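So the chains spell out like this:
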Amino acid sequence: MEICVNLRRLVKLGSAQIKPSNLQRTFADANLRLLKLILARKMATPFFAGLAVAAAALAGRYGVQAWQSFKARPPTARMRKFYEGGFQPTMTKREAALILGLRESATPDKVKEAHRKVMVANHPDAGGSHYLASKINEAKDVMLGKTKGSGSAF
């Protein structure tokens, strides 16, 4: 109310007395008085509640935008990739080590143990492939130094 009365009085005085600097000062004073009035008249609770709702709406908006950009990004591989490619014509020690999951310098005991584990998982009697079983056996032979490769029946 007080602000409106001051503005009406200012307009009634005429345009000759109103200068831009006086007008800016008057509006700044009016804004300050309005803020004091809001806080003094116990209107602060609805005012701050409105600010809280506006802040929550903005946070929700940015949250939705972030989620949409997260979903739109291309998928990345989260698992370790398997060895890509087929078998070489003659099996090397490196390829044999990859098949058995060992290092090239593994001991004969580790080679036999790894061969047993891989063979149990891929045995033809348990639903495995005859071709893979022959490659696993060939890998064991190459790692133990029994053959020089290409001993596969396939």
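Our subject is the structure listed above.
Residues numbered from 1 in each chain as written. Predicted model: local features only at pLDDT ≥ 70, side-chain atom pairs only at ≥ 80, totals over all residues. Heavy atoms only, no water.

A few points about a nonpolar patch on the surface
Part 1 of the reasoning: Nonpolar side chains collect at one region of the surface, where Phe-47, Phe-48 and Leu-51 lie side by side and expose about 290 Å² of accessible area between them.
Part 2 of the reasoning: With respect to the helices, strands and loops of the structure, Phe-47 is situated in helix H3 (residues 44-72).
Part 3 of the reasoning: Judged by its relative accessible area of 35%, Phe-47 falls in the partly exposed class. (Patch = residues over 30% accessible without salt bridge, like charges linked within 9 Å, V, L, I, M, F, W, Y side chains within 5 Å. Areas by Shrake-Rupley, 256 points an atom, 1.4 Å probe, with all protein chains shown as cover. Salt bridge = Lys/Arg side-chain N within 4 Å of Asp/Glu carboxyl O. Helix = DSSP H or I, 4+ residues; strand = E, 2+ residues; numbered from the N terminus. Buried < 20%, exposed > 50% of the residue type's maximum accessible area, 1.4 Å probe, protein only.)

Looking at the packing of helix H5 (residues 108-122) against helix H6 (residues 130-144)
Part 1 of the reasoning: Between H5 and H6, the least distance of the axes is 10 Å, while the angle of their chain directions is 180°. Taken together, the axes of H5 and H6 are roughly antiparallel relative to one another. Counting all contacts with H5, which are made through Pro-108, Val-111, Lys-112, His-115, Val-118, Met-119 and Asn-122, the residues of H6 involved are Leu-132, Ala-133, Ile-136, Asn-137, Lys-140, Met-143 and Leu-144.
Part 2 of the reasoning: Across the contact of H5 with H6, the residue classes tally to 9 nonpolar, 3 polar and 2 charged. (Axes fitted to C-alpha atoms, helices over the stretch in contact; angles between N-to-C directions. Parallel < 35°, antiparallel > 145°, perpendicular 65-115°, else oblique. Contact = heavy atoms within 4.5 Å. Nonpolar A, V, L, I, M, F, W, Y, C, P; charged D, E, K, R; others polar.)

So, the pattern of salt bridges
Part 1 of the reasoning: Overall, the coordinates contain 2 salt bridges when judged by the stated rule.
Part 2 of the reasoning: Where Glu-113 meets Lys-117, a salt bridge forms, and the shortest distance between an N and an O atom there is 3.6 Å. Of this pair, Glu-113 and Lys-117 both sit in helix H5, 4 residues apart, which is roughly one turn of that helix.
Part 3 of the reasoning: For Glu-113, a relative accessible area of 41% puts it in the partly exposed group.
Part 4 of the reasoning: We note a salt bridge from Lys-135 to Glu-138, for which the minimum N-O separation is 3.7 Å. With Lys-135 and Glu-138 both in helix H6, this residue pair falls 3 residues apart, about one helical turn.
Part 5 of the reasoning: By relative accessible area, Lys-135 is classed as buried at 6%.

A word on the nonpolar core
Part 1 of the reasoning: Ranked by internal contacts, the top residues of the largest apolar core, which has 13 residues, are Met-91, Ala-96, Leu-100, Ile-136, Ala-139 and Met-143.
Part 2 of the reasoning: Residue assignment for this core shows that the elements contributing at least two residues are helix H4 (93-100), H5 and H6.
Part 3 of the reasoning: Broken down by element, the residue count for this core peaks at 5 residues, all from H6. (Core = buried A, V, L, I, M, F, W, Y, C linked by side-chain atoms within 4.5 Å.)

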